[in-house]
Amino acid sequence: MPEVYQPKIVAFLCNWCTYLAADLAGTSRLKYAPNVRAVRVMCSGRVDPQFVLEAFARGADGVLIGGCHPGDCHYQEGNYKALRRYELLRRLLNQMGIENDRFRLEWISAAEGERVKTVVNDMVEKLRVLGPRVPVRRKEVA
Amino acid sequence: MKPAIAFYWCASCGGCEEAVVDLDEALLDVVNAVEIVFWPVALDFKVKDVEARPDGSILATFINGAVRTSEQHEMVRLLRAKSRVVVAFGVCAQLGGIPGLANLSDAKGIFAEVYRDGVTPQRLHRHNGHALALPEFFDTVSALDAVIDVDYYVPGCPPTPNIVRDAVTALLGAELPPKGAVLAPDKALCEQCPRKETRPEKLLVKEFKRVHQVVADQQTCLLAQGLVCQGPATRAGCDARCIRGNMPCTGCFGPTSRVRDFGAKVLSATASVIDGNDESSIAQAMNGLPDPVGTFYRYSLPSSLLGRRLE
């Protein structure tokens, strides 16, 4: 059987919603693609664009940010800031040769374990279509 | 014996050389205090003069410009060996600078664009038994510290006279700054901005505008007027010269010491002030930002986390 390409996804998940949803998916024993490395952050608004770039620079095939639905942010407007940064960063990544499907922002509440499964499975499928990324060249001298 | 000093330029526009001359009378004091042993733009020394010197015999070499050809690559390695201190002078040497935007393309793409349907330079030319070789043109432009070890950085496009003067004073002083230091204040430009007081507590922008689209008010915060001013994330030290000229900061002094990727940080600061909570109003605001890489990585693409466009 030919080996299936396993894309690596770094997921920054909000402590108050998407991380709990991923937890729920686990306790509900939902089966989904094992390609996600979850990083818990206090808010999607905490995700510095540098985190996303670093993930790509270190070889992630995709980056997922999970936050609370609009209006539901634990800190009032962190997810709106995340959305603004996401929209601008997506445009910048495009210019850098990183396709839209590699970078995704999703609103997933603590009750939506099923949605975690759908989003991750869908993202893995799209990343398989895109194939592995060209690695980032490191410096000549440290 | 006076300490030996050298200057070299790589992929640059010559503005950094101007910045040295812009020291005016103070330049004479510098020249009196040192012996200049190599400075291609101004003095007639040859590469073999440098090669003939013992290793480490030059006190300090100031290198401006990014590294994009094999000749520059060889020269900076030679100068590194001969110098006790290497200073990346100006933002092109520090972070890659404007020439670094070529990292959105590669050698083939650039040659196709520049020499379209014309004569493309050949690396090796033979004529009457003589051969003339051109340096290799790399696919990727690098900041200086990606090629050699760099001791200090003098930021700016070009470094302003006060920064150059302070840097020279620091290097000639009894106690050298810590290795790797950027010789400029480690705080954001907004701190030095003459319009600081006019920056609103809650800054929100409905629509970004490009400089040619508006006549900016001369007193109030440029970011609050919808111009992409990079002061919030850019290192201070230039005395806000562009702002005094009613132009927004484009980030030529690079980041402060806490930031790894300058463009990402400016992008973050810029996106945060957008007055909109849904895709369509955010997209509307971003109409004035047609070129995020050219705006946020204007001077720093080679030293960014990704470094170049990935194919």
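Worth saying up front: this structure is predicted, and the values here are computed from it rather than measured.

Conventions used here
- Residues numbered from 1 in each chain as written.
- Chains lettered and ligands numbered in written order.
- Predicted model: local features only at pLDDT ≥ 70, side-chain atom pairs only at ≥ 80, totals over all residues.
- Pairing = 2+ DSSP bridges.
- Helix = DSSP H or I, 4+ residues; strand = E, 2+ residues; numbered from the N terminus.
- Axes fitted to C-alpha atoms, helices over the stretch in contact; angles between N-to-C directions.
- Contact = placed C-beta atoms within 7 Å.
- Nonpolar A, V, L, I, M, F, W, Y, C, P; charged D, E, K, R; others polar.
- pLDDT = per-residue confidence, 0-100.

(A) Region of interest: the sheet that holds strand E5 (residues 83–89) of chain B. All names here are of chain B. Spatially, the five strands line up as an open sheet ordered E2-E1-E3-E5-E9, and their pairing is parallel. Two strands bound the open sheet, and with one partner strand each, they are strand E2 (35–38) and strand E9 (152–154). Sheet twist, expressed as the average angle between the axes of neighbouring strands with direction ignored, equals 30 degrees. When strand E1 (residues 4–9) meets strand E3 (residues 58–64), the two strands line up parallel, connected through five bridges. When the bridges of E3 are listed, Phe7 appears paired with Phe62. Sitting on the sheet, helix H4 (residues 70–82) touches E1, E3 and E5, and the angle it makes with E5 is about 135 degrees.

(B) The arrangement of the interface of chain A and chain B in detail. Each side of the interface is counted separately: chain A has 29 residues, and chain B has 30 residues. When contributions to the side of chain A that touches chain B are tallied by element, the ones reaching two or more residues are helix H2 (49–57) and helix H3 (78–95) of chain A. The element contributing the most residues to the side of chain A that touches chain B is H3 of chain A, with eleven residues. The residue makeup of the side of chain A that touches chain B, split by class, is 15 nonpolar, three polar and eleven charged.

(C) Quick peek at the confidence of the model for chain B. Summary statistics for chain B give a mean pLDDT of 94 and a share of 100% for residues scoring 70 or more. Predicted complex, confidence summary: ipTM 0.92, pTM 0.93.

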